[in-house]
Amino acid sequence: MADRLGTYRSKRDARRTPEPVPREGPLPEGRDDTFVIQEHHARRLHWDFRLERDGVLVSWALPKGVPDDPKTNHLAVHTEDHPLEYAAFAGEIPQGEYGGGQVKIWDRGTYETEKWAEREIKIVLHGGRVSGRYVLFPTKGKNWMIHRMDPPVSPDAEPMPGDVRPVLPEERRRLPRNKEEYGYEFAWGGRRMIMYADRGPARPVAADGRPAKAPRGLGEALGSRRAVLDGEMTDAGGETYMIFDLLYLDGRTLFDEPYERRRELLEELGLSGPRWQTAPVFDDGDAVRETAREQGLPGILAKRLDAPYRQAKADWRLIPV
């Protein structure tokens, strides 16, 4: 009988990787009911989908993860079988090794088999984040597709907007009279940019609608979160994308949410990296203006806490220093 894990072992050196590398021998007997989905930050972000079957984990790499709507099929690239011990693996595969990068357990649970054939695999997943009926089927070579057979996970989910027009501030000379009704940010004097992140590299669009260059790794840092961000590319500490607004998150548009709530959701994402930061917001406009003057920044922004994301007079104010 062919060694089911021969390809897996040939690509890994147990002295160099923390992954489980079992010795050749009889395969363990299981119940053929375990699945795991691992978020894999390798050269390209993807999700490894693994099903226990006949003593191994039959595996696919999903560039966009598991679909949550039957209207959209996702690519599933068939990869080598993995040992059952891999269902519990999370850690850092050293760079230079096969699959180098961070591996996280994104979901795991049990599954039921409705059909397992060469051209079609039908299963029912019972996980913490993914549940329902799915089918996998080959298309060409190692390329398969994964399709959700049940209704959408979120029937009310909204599509990601694809053409956001940035809200522009109105220039004023003084702070607003009702200062407590505003939040205050630094005006960085950079290039305005909307960032579209959909489970992979972020797609940046400049304020004039032209394609732009995104900071590498921002989309991958969001993982499976789907988001539209508003911010500026600045020269602060090297070229950095300063993020100051969140316009869409995981199937929900946020244009009608007040600025204060959008900022709360943005803060919860914890976006902080080598070339991107969540821009700070303050409640003392006078202090922010003085600091901006000391730092040589062009001014500050005053944004109404209760304002939706829309082009409206005095909702966003640019106040030069």
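Above this note sits the structure.
All of these numbers come straight from a predicted model, not from anything done at the bench.

**Description of the side chain of His 46**
- Following the sequence through the fold, His 46 ends up in strand E2 (residues 45-53).
- A distance of 3.0 Å separates a polar atom in the side chain of His 46 from the backbone oxygen of Arg 44.
- Apart from the residues lying within four places of it in its own chain, the contact partners of His 46 are Gln 38, Glu 39, His 40, Ala 61, Leu 62 and Pro 63.

**Quick look at the pairing of strand E19 (residues 299-304)**
- The buried fraction of E19 is high, at five of six residues.
- Taken together, the six bridges between strand E11 (residues 182-187) and E19 define a ladder with antiparallel strand orientation. Counted as the bridge partner of Phe 186 is Ile 300 from E19.
- Relative to strand E20 (residues 316-320), E19 runs antiparallel, the two sharing five bridges. When the sheet's bridge partners are listed, Ala 302 is paired in E20 with Arg 317.

**Some words on the nonpolar core**
- Of all hydrophobic cores here, the largest spans 25 residues; its most connected members are Val 164, Tyr 184, Ile 194, Tyr 196, Val 228, Ile 300 and Tyr 309.
- Elements with a contribution of two residues or more to this core: E11, strand E12 (191-198), strand E15 (240-249), helix H4 (285-295), E19 and E20.
- Per-element tally for this core: the top contributor is E15, with four residues.
- Excluding anything up to four places from it in sequence, Tyr 196 contacts Met 160, Pro 161, Gly 162, Asp 163, Val 164, Pro 201, Ala 202, Arg 203, Val 205, Ala 227 and Val 228.

The rules behind the values
- Residues numbered from 1 in each chain as written.
- Predicted model: local features only at pLDDT ≥ 70, side-chain atom pairs only at ≥ 80, totals over all residues.
- Heavy atoms only, no water.
- Helix = DSSP H or I, 4+ residues; strand = E, 2+ residues; numbered from the N terminus.
- Polar contact = N/O pair within 3.5 Å; in protein donor to acceptor, adjacent residues only side chain to side chain.
- Contact = heavy atoms within 4.5 Å.
- Buried < 20%, exposed > 50% of the residue type's maximum accessible area, 1.4 Å probe, protein only.
- Pairing = 2+ DSSP bridges.
- Core = buried A, V, L, I, M, F, W, Y, C linked by side-chain atoms within 4.5 Å.

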